[in-house]
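Fold and geometry: a report
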Amino acid sequence: MKSRKEQLITDIENLLNRYEGIKPTHIDPSLLQFLDENTLISIIESLLRQQEKTNETNIEWLEQFKTY
């Protein structure tokens, strides 16, 4: 069973690897051992905000092609 920090690192990897056609990102857990859970959660929140903002921008861009 994974520790909480290991699961958070896996969640970060999954968020970074959501898009097809990109080289998969793998994070060496030993590099992140100095980060606490709150910092890892903050990274996840930041990635989610960035993806949400990207989706909103894409929707705005696609709206210009709609015909009403």
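Figured I'd write up the structure that's included with this text.

Rules behind the numbers
- Residues numbered from 1 in each chain as written.
- Predicted model: local features only at pLDDT ≥ 70, side-chain atom pairs only at ≥ 80, totals over all residues.
- Heavy atoms only, no water.
- Helix = DSSP H or I, 4+ residues; strand = E, 2+ residues; numbered from the N terminus.
- Rg over C-alpha atoms; globule rule 2.2 N^0.38 Å.
- Buried < 20%, exposed > 50% of the residue type's maximum accessible area, 1.4 Å probe, protein only.
- Core = buried A, V, L, I, M, F, W, Y, C linked by side-chain atoms within 4.5 Å.
- Contact = heavy atoms within 4.5 Å.
- Expected span 1.5 Å × (residues − 1).
- Salt bridge = Lys/Arg side-chain N within 4 Å of Asp/Glu carboxyl O.

A closer look at the overall build of the protein chain
On a plain count of helices and strands, the protein chain comes out with 2 helices and 0 strands. Taking 68 residues into account, the globule formula puts the C-alpha radius of gyration at 11 Å, and the protein chain, at 16 Å, lies well above it. Taking the principal axes of its C-alpha atoms as reference, the protein chain extends roughly 50 × 25 × 20 Å. The buried share of the protein chain, taken over its 68 residues, is 19%.

Topic: the nonpolar core
Soluble, globular proteins show a tendency: their nonpolar side chains are buried together. Formed by L8, I9, I12, L15, I27, L32, L35, L40, I44 and L47, the largest nonpolar core amounts to 10 residues. Sorting the residues of this core by element identifies helix 1 (4–16) and helix 2 (37–63) as the ones contributing at least two each. Take this core: its biggest share by element is 4 residues, from helix 1. Not counting residues within four places of it along the chain, the set of residues in contact with I27 comprises I9, I12, E13, L16 and L32.

As for helix 1
Spanning 13 residues, helix 1 covers 19 Å between terminal C-alpha atoms, matching the ideal 18 Å at 1.5 Å per step. Regarding helix 1, the residues found buried are L8, I9, T10, I12, E13 and L15.

Quick notes on the pattern of salt bridges
In total, this model carries 1 salt bridge according to the counting rule given. Across the pair E37 and R4 runs a salt bridge whose closest N-O atoms are separated by 3.4 Å. With E37 in helix 2 and R4 in helix 1, the pair connects residues that are 33 residues apart, well separated along the chain. Given a relative accessible area of 47%, R4 falls into the partly exposed group.

Here we look at the side chain of E13
Here E13 lies in helix 1. A relative accessible area of 15% means that E13 is categorised as buried.

Here's the deal with the environment of K53
Within the element layout of this structure, K53 appears in helix 2. On a C-alpha basis, the gap between K53 and I9 in space is 22 Å, while along the polypeptide they are 44 residues apart.

Examining the environment of I43
With respect to the element layout, I43 can be found in helix 2. For I43, a relative accessible area of 31% gives the class partly exposed. Each C-alpha atom of the pair I43 and I12 lies 7.5 Å from the other, and the pair is 31 residues apart in sequence. Once residues within four sequence positions are removed from consideration, I43 is found in contact with I12 and L35.

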